[in-house]
Amino acid sequence: MKGKKVTRREFVADAGRIGLGVMIVPRHVLGGVGYQAPSDTINFAVVGFGGMGSENALELAKTENLVAFADVDFAFSESKVTEKLKDDQKKDRPEGITLKQKFDKAARYSDFREMLDKQKDIDGVVIATPDHLHAVVAKAAMQNGKHVYVQKPLTYSVHEARVLRDLALSNPKIVTQMGNQGHSSEGARLVNEWIQAGVIGPVRDVHVWTNRPVVYWPQGVPRPTGGPPPAPPPSPFGNPFSFRHVNQLLASAMGSYPVPPGLRWDLYVGPVAEDVPYHPIYHPFNWRGWIPFGVGALGDMGAHLIDHPFWALGLTYPTSVEATSTQWGTMAIPPDPKAAAGSREARGYNKPVSYPVATAVHYQFPARGAQPPVKLNWYDGGLYPPRPDVLPDDVTLKSEGGVIFIGEKGILMNDTYGANPRLFPVSLTEDASLVPKTYVRIPWSHEMNWVKAIKGETKSSSPLEYAAQLTETMLLGIVALRTGQGRKILYDGEKMLVTNIPDANQYLTREYRAGWAV
């Protein structure tokens, strides 16, 4: 007769109760070096495997069990897994091999809804789709009782951020994490400690910048039409090649393409209310710059850059936001003879379809206790902040991006993800060396922080309760941008309401396709 299989946890508990001294312990109970009992292993799934989803899975698969994934393009997902089999020197990559083995065994689905319905062994879900699907998938997963790791930005809209925040607060047993990995870094903790210890004095101004989208993905371009080029319009200037006509020619020149075999474009579009025909300019990766699918450079990098001043300074809701930019990418909407006379529909107009190449956004935050009001300035698309006078002339502002806190005693700078915090004048470094370490350090990856929180060993670093408010702040920059140049929106965060320009409130949410609403 076979004995009952004993788990490690049961064995240790029983040994303690009966007071045994030396025992011979079988391998199946304690395991060997690096052994992890199945009962201590998380079953995870990934929705959106082809981009950051595969990177997150690479880290998680080292110790956890990939049981399923959902993606609209299996071929692309497979290619990303294959890429990870070798390192930069073309040598075998052990973690890549492990991922491939688990990926090949995992159940695969085109529709995440089917996966959540059928796959009952999932503990947690990694959500790494384009931005427009984050909230749809996360909400469904959380309503199914799954822990979620949601890539940044947490959501596409302010409304969606509120929905996920409320869902997380009402389900405290669900462990949540946004994929802004710099939040778990050593640099982020030093920034917090130095700022809060007053090393640079009170902070009233912060400058944040990134080079995205330049060289990464296109913005400020028209939607492909696939139609023949339009005839040159009459021009009072003697040259018909106006900005609008050039965009129409470009939209035509990009052509039209059939949906590739194996790509479920209908599921890719998902909650988007309008019909967007497939074009390879959107998938993979380039979706970030297109209004139906992404929220541009601010959504991409704000979670990595605005995160640090938002956290260190204890910011909450901004009271006002204004934005300016270069030209949007547009699509020409022809005149509608049935529209009301004098309306833009009757005249025809240019509809924004892709975000501008470069943007500047200015947020005003109120005082917090003894801390003064703060103006936070965002720059993207290759725009740089003004150089502080105290910054030495030989210090180069990195094109990749960074943050500058301007205090009464000096400045603190950090790179993207909170890396490399440094002080000017450099004499402040001595003061910083005396600041005690008051923030708990995270010795694991951001993904493993989430896993260990699920196992009850720690707390998640960037839970939705925090990430939702950070995301809302980022997205209010998009709201101000869409409201129009030269305008300032006044915001009541408690009511989630733009108080001075009623039309701006439409940009706090979006129109959803039937059956996809959040």
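So, how was this worked out
- Numbers given to residues run from 1 along each chain, matching the order in which its sequence is written.
- Local features in this predicted model are restricted to residues whose pLDDT is 70 or higher, and side-chain atom pairs enter the listing and the counts only when it is 80 or higher, whereas totals over whole chains, interfaces and linings include all residues.
- The basis for every side-chain value is the complete set of non-hydrogen atoms in the structure, without hydrogens or water.
- Secondary structure elements follow DSSP: runs of H or I of four or more residues count as helices, runs of E of two or more count as strands, with numbering from the N terminus.
- In this description the radius of gyration comes from C-alpha coordinates, and the expected globular size is given by 2.2 Å times residues to the power 0.38.
- By definition, residues are in contact when any of their heavy atoms lie within 4.5 Å.
- In this description, accessible areas are obtained by the Shrake-Rupley approach with a 1.4 Å probe, and a residue is regarded as covered only by the protein chains that are shown.
- The convention is simple: Lys and Arg are positive, Asp and Glu are negative, and His and the chain ends are not counted.
- Charge coordinates come from a single atom per side chain, which is NZ of Lys, CZ of Arg, CG of Asp or CD of Glu.
- Any carboxyl oxygen of Asp or Glu that lies within 4 Å of a side-chain nitrogen of Lys or Arg is treated as forming a salt bridge with it.
- Buried residues are those whose accessible area, probed at 1.4 Å on protein chains only, stays under 20% of the maximum for their type, while exposed residues exceed 50% and partly exposed ones sit between those limits.
- At least two DSSP bridges between two strands are needed for those strands to be called paired.
- Here the axes come from fitting lines to C-alpha atoms, over the contacting stretch only for helices, and the angles between their N-to-C directions go from 0 to 180 degrees.
- Per residue, pLDDT captures the predictor's confidence, and it can take any value from 0 to 100.
- Roughly parallel means an angle under 35 degrees; roughly antiparallel, over 145; roughly perpendicular, 65 to 115; everything else is oblique.
- Polarity classes work like this: nonpolar for Ala, Val, Leu, Ile, Met, Phe, Trp, Tyr, Cys and Pro, charged for Asp, Glu, Lys and Arg, and polar for all others, with Gly in that last group.
- Here a polar contact is taken to be a pair of N or O atoms separated by no more than 3.5 Å, where protein atoms must pair a possible hydrogen donor with a possible acceptor and residues adjacent in sequence count only if both atoms sit in side chains.
- The method works on a 1 Å grid over the protein atoms by themselves. A cavity is a set of points holding a 1.4 Å probe that cannot get out, a pocket is an open set with protein on both sides within 12 Å along at least five of seven lines, and residues with an atom within 4 Å of a point line them.
- Grid points are joined across faces, edges and corners, and a volume is the space filled by probe spheres set on the points.

### What to know about the overall build of the chain
Line of reasoning, step 1. Of the regular secondary structure elements, the chain holds 17 helices and 17 strands.
Line of reasoning, step 2. Over its C-alpha trace the chain gives a radius of gyration of 26 Å, about what one expects of a compact globule, namely 24 Å for 518 residues.
Line of reasoning, step 3. If you line up the chain on its principal axes, its C-alpha atoms span 95 × 60 × 50 Å.
Line of reasoning, step 4. For the chain, the share of sequence-separated contacts (at least 6 apart) that also reach a separation of at least 24 residues comes to 71%.
Line of reasoning, step 5. On the chain, roughly 23,700 Å² of surface is accessible, and the fraction owed to carbon and sulfur atoms is 56%.
Line of reasoning, step 6. For the chain, the centre of its 55 positive side-chain charges and the centre of its 51 negative side-chain charges are spaced 4 Å apart.

### Considering the pattern of salt bridges
Line of reasoning, step 1. Applying the stated criterion to the full structure yields 27 salt bridges.
Line of reasoning, step 2. When the shortest N-O distance is used, the salt bridge between E83 and K80 registers 3.2 Å. Taken together, the residues E83 and K80, both in helix α4 (residues 74-83) and three residues apart, mark about one turn of the helix.
Line of reasoning, step 3. Given the relative accessible area of 48%, E83 is considered partly exposed.
Line of reasoning, step 4. For the salt bridge of E345 with R344, the shortest nitrogen-to-oxygen distance reads 3.3 Å.
Line of reasoning, step 5. According to the relative accessible area criterion, R344 is partly exposed, its value standing at 42%.

### A few points about the environment of K495
Line of reasoning, step 1. Tracing the chain through its elements places K495 in the loop between β16 (488-492) and β17 (497-498).
Line of reasoning, step 2. Overall, the relative accessible area of 61% leaves K495 in the exposed class.
Line of reasoning, step 3. Along the sequence, K495 and G182 sit 313 residues apart, while their C-alpha atoms lie 30 Å from each other.

### Considering the sheet that holds strand β6 (residues 176-178)
Line of reasoning, step 1. With respect to topology, six strands assemble into an open sheet ordered β3-β2-β1-β4-β5-β6, the strand pairing being parallel. The open sheet has two free edges, formed respectively by β3 (107-109) and β6, since each of these has just one partner strand. With strand direction ignored, the average angle separating the axes of adjacent strands in the sheet is 20 degrees.
Line of reasoning, step 2. Bridge analysis of strand β1 (residues 43-47) against strand β2 (residues 65-70) gives five bridges, and the strand direction is parallel. The residue of β2 that forms the bridge with A45 is A68.

### Considerations on the sheet that holds strand β7 (residues 203-210)
Line of reasoning, step 1. The strand order across the open sheet formed by nine strands is β15-β14-β13-β7-β12-β11-β8-β16-β17, and the pairing between neighbours is mixed. The two strands at the open ends of the sheet, each matched to only one other strand, are β15 (422-424) and β17.
Line of reasoning, step 2. On the sheet, helix α12 (residues 296-305) packs against β7, β11 (359-365), β12 (374-379) and β13 (401-407) and is oriented at approximately 130 degrees with respect to β12.

### Quick word on the confidence of the model for the chain
Line of reasoning, step 1. When pLDDT is averaged across the chain, the result is 92; 92% of the residues are at 70 or more.
Line of reasoning, step 2. Low pLDDT, under 50, characterises residues 1-30; the predicted model gives this stretch 18 contacts beyond four residues in sequence or across chains.

### Considerations on the packing of helix α8 (residues 158-170) against helix α17 (residues 464-483)
Line of reasoning, step 1. Their axes nearest at 9 Å, the elements α8 and α17 cross at an angle of 170 degrees. Between α8 and α17, the crossing angle belongs to the class labelled roughly antiparallel. Of α17, the residues touching α8 (which contributes V158, A161, R162, L164, R165, A168 and L169) are L464, E465, A468, E472, L475 and L476.
Line of reasoning, step 2. Here the contact of α8 with α17 is built from residues that sort into nine nonpolar, no polar and four charged.

### Let's talk about the side chain of R162
Line of reasoning, step 1. Following the sequence through the fold, R162 ends up in helix α8.
Line of reasoning, step 2. For R162, a relative accessible area of 11% puts it in the buried group.
Line of reasoning, step 3. A polar contact is formed between the side chain of R162 and the side chain of Y317, at a distance of 3.4 Å.
Line of reasoning, step 4. Side-chain polar atoms of R162 contact the backbone oxygen of G493, separated by 2.5 Å.

### A look at empty space enclosed by the protein
Line of reasoning, step 1. What the rule picks out here adds up to three cavities of 30 Å³ or more.
Line of reasoning, step 2. In this structure, the largest cavity spans a volume of roughly 80 Å³.
Line of reasoning, step 3. The wall of the largest cavity is formed by Y156, S157, V158, V295, Y355, L475, I478, V479, R482, Y507 and T509.
Line of reasoning, step 4. No other element matches α17, which puts four residues into the lining of the largest cavity.
Line of reasoning, step 5. Looking at the lining of the largest cavity, its residues break down into eight nonpolar, two polar and one charged.

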